[in-house]
Every structure is written in structure tokens, then in C-alpha cells.
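This is what each chain is made of:
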Amino acid sequence: MNQTPLSPDTFTPLFQAVFRANHLESYTKPAIVDKFRAPTDRLLAVNAVMNLTALNTPEKIIPLHYADCALIADRIPAGATVADVGCGGGFPTFLLAILRPRPAYHGNRQHREKDKICRGNRAAAGSCEYPRRDRAGGGAWQDAAWREQFDLVTSRAVARPSLLDELCLPLCRVERGVAAPLKGAAGLEELDEARAGIRRLGGGEAVGETLTLDTLTDREARTLITVPKVEPTPREFPRQFGQIRKRPL
């Protein structure tokens, strides 16, 4: 896993160019950018032996991981408690904790091979916790200590909203919590099939917003879905993930 560390002379200008192209100028100060070099080195090194992601160069990681996650950074209130369901490799949790350090972040991951990345990224971010749940033990969405405890619940590239809302909404505080998964270009269509289930889970009127990610070589559509938590989630939810996947609400 030995490799030459990324040079700030190349990494910093690339990071700044991508973030400026996405109107994220407030996150381009060198002191902020420098916090991402060690996590990027770590991701590249682990990926070389474990193939965790197809994004295996800084030219891909910075726009398609970092800027992609950062699209929602300004939406996170100061002082909020944030949970991230399925944060593979720490995304978007550790990145948001660097960019918006005042909220408290809690990431749920299910893959043992990603533990090392998450632990290392916690050192960079500072305000992240990663209480891992393996598949046999269930996810954080089934943990009574997490139920209806969070102001914001995020998720990125985990599942369709018809499945994802049963993982996220039980964690949201009643009346003040919001589920905010970040989806791809098909997110608005996927949201329509999830609306009945959202209501059963205590969610209010879901809104889908189209965002644009500029990769410097292309412009890609993203969808931010926001679902307010208006009523308590019935106690029978969430179900085991196998049941959720087999019979979405």
C-alpha cells in the first residue's frame, strides 16, 4: 500500500478548480483543502488492494466524491445532529464534518473492509463517529438508541427512495428532523414511487430538487430529496433490510 503522497502543488489547484466550478468557493481555502490530501492518499492506497471504488484518481475522486457530497454542505444547520446511512468509505460524513464542523456527525457503515478508511478519515474530520453495524447485526436504523434522535439523516448512492426512506425516517426527530438523501439523475422519478411509503413512516410532503455537478469535463444531474418528519414512525418500522428490499412500502 506504499505510494507517493499527493503533492499540494497539483492537488490543491485541482480541488479549488472543481469546487469553484460548483459554486463552492467558501471551501477552497488552502487550510481546508489540505485536510483532504491525507484521506485521498488513504483511499488510493486501500483501493489499490481492495478495489473499493472505480474512482481511482484525484481527477475522479475530487469531483465525483468530494464535490458531489459538498453540494449539500450549505444545507446543514449549525449545531445539528446528523446521521448518515450506508456511508461507504466515510462519504459523505467525513467530508461534511470537515466543511461544516459544528454539527455532530454519526455514520453507519456495514462493510468491514471500509473500517480502516473511516477510522483514518475520522482523524481528519474530528467530529465524526462511526459505530459500525455488520449485516448480521442489522443497521443503525434498527438501533433503539438512534431512533428519532437526529435533525438530519443523509444517504448517498445506497438504494431507491422506496427502500431508503424506511432506513432514514425512523432516525429523524419528530417535527424538526429531515431525511435528505442525495440521488442521481433519476431521483425525481424514484421519489414518486416512494410517496405512499413516506406517509406510512411519518414523513410529510417530500420535495425533489435537481442539482448540477460540474466535473470540469462534464455536467451531471443530481437530485436532493428532502422529507420532513411530521409524525412518529410506527413501531413496526423499520423492518429487517431483507424484508424492506423484498417488499418496499
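Look above for the structure.
What you see is a predicted model; the values in this text were computed from it and never measured.

A. Representation of the overall build of the chain within the structure. The number of helices and strands found in the chain is ten helices and seven strands. Looking at the chain as a whole, 53% of its 249 residues are labelled buried. Excluding contacts between residues fewer than 6 apart, the proportion of contacts in the chain whose partners are at least 24 apart in sequence is 69%. For the chain, the computed accessible surface area is about 11,300 Å², with 50% contributed by carbon and sulfur atoms.

B. Broad picture of the pattern of salt bridges. Within this structure, the stated rule accounts for 15 salt bridges. Put simply, D34 and R37 hold a salt bridge, and the shortest N to O gap is 2.7 Å. The partly exposed category is assigned to D34, whose relative accessible area is 39%. Put simply, D214 and R219 hold a salt bridge, and the shortest N to O gap is 3.3 Å.

C. Expanded view of the environment of A186. Along the polypeptide, A186 turns up in the loop between β5 (178-183) and α8 (187-192). Owing to a relative accessible area of 34%, A186 belongs among the partly exposed residues under this scheme. Sequence-wise, A186 and R222 are 36 residues apart; in three dimensions their C-alpha atoms are separated by 8.1 Å.

D. How the structure looks around helix α7 (residues 161-168). Most of α7 is tucked away, with eight of its eight residues classed as buried. What α7 keeps buried is the set P161, S162, L163, L164, D165, E166, L167 and C168.

E. Structural detail: unusual backbone geometry. The omega angle of the peptide bond from F237 to P238 is 5°, so this bond is cis rather than trans. Summarising the element assignment, P238 is placed in the loop between β7 (219-228) and α10 (241-246). Positive phi is not limited to glycine here, since H23 has a value of about 60°. Despite not being glycine, E148 shows a phi value in the positive range, around 55°.

F. Examining the packing of aromatic side chains more closely. Overall, the coordinates contain eight aromatic pairs when judged by the stated rule. Here the aromatic rings of F36 and Y66 are separated by 5.1 Å at their centres, their planes lie at 45°, and the arrangement is tilted. Of this pair, F36 sits in the loop between α2 (30-33) and α3 (37-50) while Y66 is found in helix α4 (residues 58-70), placing the two residues 30 residues apart along the sequence. Accessibility assignment for this pair places F36 and Y66 in one class, buried. Ring centres of W146 and F150 lie 5.2 Å apart, and the angle between their planes is 50°; on these two criteria the pair is classed as tilted. The class for W146 is buried, based on a relative accessible area of 8%. Residue classification places F150 among the buried positions, given a relative accessible area of 6%. Taken together, the ring pairs connect F11, F15, F19, F36, Y66 and F94 into an aromatic cluster.

G. Layout of the pairing of β7. Sheet topology note: the β5/β7 ladder contains four bridges and is antiparallel. The residue bridging A179 from the neighbouring strand is V227, located in β7. Summarising the sheet, strand β6 (residues 207-214) and β7 pair through eight bridges and their orientation is antiparallel. Looking at the pairing, V207 lines up with T226 of β7. Counting the residues between successive antiparallel strands, the hairpin from β6 to β7 contains four residues, one of them, L216, with a positive phi of roughly 80°.

H. Fine view of the packing of helix α1 (residues 8-21) against α4. At their nearest, the axes of α1 and α4 sit 10 Å apart, and the two run at 45° to each other. By the angle between their directions, the pair α1 and α4 is classed as oblique. Relative to α4, the crossing made by α1 is right-handed. Side by side, α1 and α4 meet where F11, L14, F15, V18 and F19 of the first sit next to P58, E59, I62, P63, Y66, A67 and A70 of the second. Per-class residue counts for the contact of α1 with α4 are eleven nonpolar, no polar and one charged.

I. Fine view of α4. The terminal C-alpha atoms of α4 lie 16 Å apart, and with 13 residues this falls more than 12% below the ideal 18 Å at 1.5 Å per residue. In terms of burial, α4 is a largely internal element, ten of the 13 residues being buried. Listing the buried residues of α4 in full gives P58, I61, I62, P63, H65, Y66, A67, D68, C69 and A70.

Rules used throughout
- Residues numbered from 1 in each chain as written.
- Predicted model: local features only at pLDDT ≥ 70, side-chain atom pairs only at ≥ 80, totals over all residues.
- Heavy atoms only, no water.
- Helix = DSSP H or I, 4+ residues; strand = E, 2+ residues; numbered from the N terminus.
- Buried < 20%, exposed > 50% of the residue type's maximum accessible area, 1.4 Å probe, protein only.
- Contact = heavy atoms within 4.5 Å.
- Areas by Shrake-Rupley, 256 points an atom, 1.4 Å probe, with all protein chains shown as cover.
- Salt bridge = Lys/Arg side-chain N within 4 Å of Asp/Glu carboxyl O.
- Phe/Tyr/Trp six-rings, centres within 6.5 Å; stacked < 30°, edge-to-face > 60°.
- Pairing = 2+ DSSP bridges.
- Axes fitted to C-alpha atoms, helices over the stretch in contact; angles between N-to-C directions.
- Parallel < 35°, antiparallel > 145°, perpendicular 65-115°, else oblique.
- Left-handed = near helix turned anticlockwise from the far one by under 90°.
- Nonpolar A, V, L, I, M, F, W, Y, C, P; charged D, E, K, R; others polar.
- Expected span 1.5 Å × (residues − 1).

No statement about biological role is implied by the geometric values presented.
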